[in-house]
Amino acid sequence: MRCYVTVPEHQPLWVVVFKKQGYILKQSSAQLINPNTIENLNVLKNAASTALYGSRAAYGVVIVTIKKAASRKEYKRLKPYLERKRYFLKPI
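In short, a report on the structure.

Thresholds applied
- Along each chain, residues carry numbers from 1 onward, in the same order as the chain's sequence is written.
- Residue-level local features of this predicted model are given only where pLDDT is at least 70; pairs of side-chain atoms are given and counted only at 80 or more, and the full residue set underlies all totals for whole chains, interfaces and linings.
- Derived side-chain values reflect all non-hydrogen atoms in the structure, with water molecules and hydrogen atoms excluded from consideration.
- Each salt bridge in this description consists of a side-chain nitrogen of Lys or Arg and a carboxyl oxygen of Asp or Glu lying within 4 Å of one another.
- Helix and strand labels come from DSSP, where a helix needs a run of H or I of at least four residues and a strand needs a run of E of at least two; each type is numbered from the N terminus.
- Note on ring pairs: Phe, Tyr and Trp rings are taken, using the six-membered ring of Trp, and paired if centres are within 6.5 Å. Classes follow the plane angle, with under 30 degrees stacked, over 60 edge-to-face and the rest tilted.
- Categorising residues by exposure relies on relative accessible area from a 1.4 Å probe, with only protein chains included: less than 20% of the type maximum marks a residue as buried, more than 50% marks it as exposed, and the intermediate range marks it as partly exposed.
- Here, strands pair whenever DSSP counts at least two bridges between them.
- Buried residues of nine kinds, namely Ala, Val, Leu, Ile, Met, Phe, Trp, Tyr and Cys, make up a nonpolar core once their side-chain atoms join them within 4.5 Å.

**Comments concerning the pattern of salt bridges**
Within the structure shown, the criterion is met by one salt bridge. Among the ionic pairs, Arg-77 bridges to Glu-74, the shortest N-O distance being 2.6 Å. Linking Arg-77 with Glu-74, this pair stays in helix α2 (residues 71–78), spanning three residues, or about one helical turn.

**Side note on the packing of aromatic side chains**
Counted under the stated rule, the structure contains three aromatic pairs. Judged by centre distance (5.4 Å) and plane angle (80°), the ring pair of Phe-18 and Tyr-75 falls under edge-to-face. In this pair, Phe-18 sits in strand β1 (residues 13–18) while Tyr-75 sits in helix α2, placing the two residues 57 residues apart along the sequence. Between Tyr-23 and Tyr-75, the ring centres sit 5.5 Å apart and the planes meet at 45°, which makes this aromatic pair tilted. A residue pair is termed long-range when its members are at least 10 positions apart, and Tyr-23 in strand β2 (residues 21–25) and Tyr-75 in helix α2 qualify at 52 residues. An aromatic cluster is present here, built from Phe-18, Tyr-23 and Tyr-75 joined pairwise through their rings.

**A short note on the pairing of strand β4 (residues 61–66)**
Judged by how many residues are buried, β4 sits mostly within the fold: five of six residues are covered. Summarising the sheet, β1 and β4 pair through five bridges and their orientation is parallel. When the bridges of β4 are listed, Trp-14 appears paired with Val-62. Sheet topology note: the strand β3 (residues 38–44)/β4 ladder contains six bridges and is antiparallel.

**Topic: the nonpolar core**
Ranked by size, the top nonpolar core spans 11 residues in total: Val-16, Phe-18, Tyr-23, Leu-25, Ala-30, Ile-33, Val-62, Val-64, Ile-66, Leu-78 and Leu-82. Contributing elements (two or more residues each) for this core: β1, β2 and β4. The dominant element in this core, judged by the number of residues it contributes, is β4, at three residues. Ranked by size, the runner-up nonpolar core spans eight residues in total, among them Leu-13, Val-15, Val-17 and Ala-57.

Quick look at the structure:
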């Protein structure tokens, strides 16, 4: 059995956090995040990010935390661009 994984070329993995639940954002839609709703932005670039998120995080991870007041509206707007995998995150 072979497993094929596609690693994006020179693009970080985008994780959007809504109320302590993180969702992976599809690569082509990272510019859709409304900058007015961003509460916190973290960039992970070391081996720990690869250990947490796998080979997709080879070029780093950008974690975008959305403000609590705007999280429901922003989640509904971005839902078509989010992958189904959820990560439960502790506050940094």
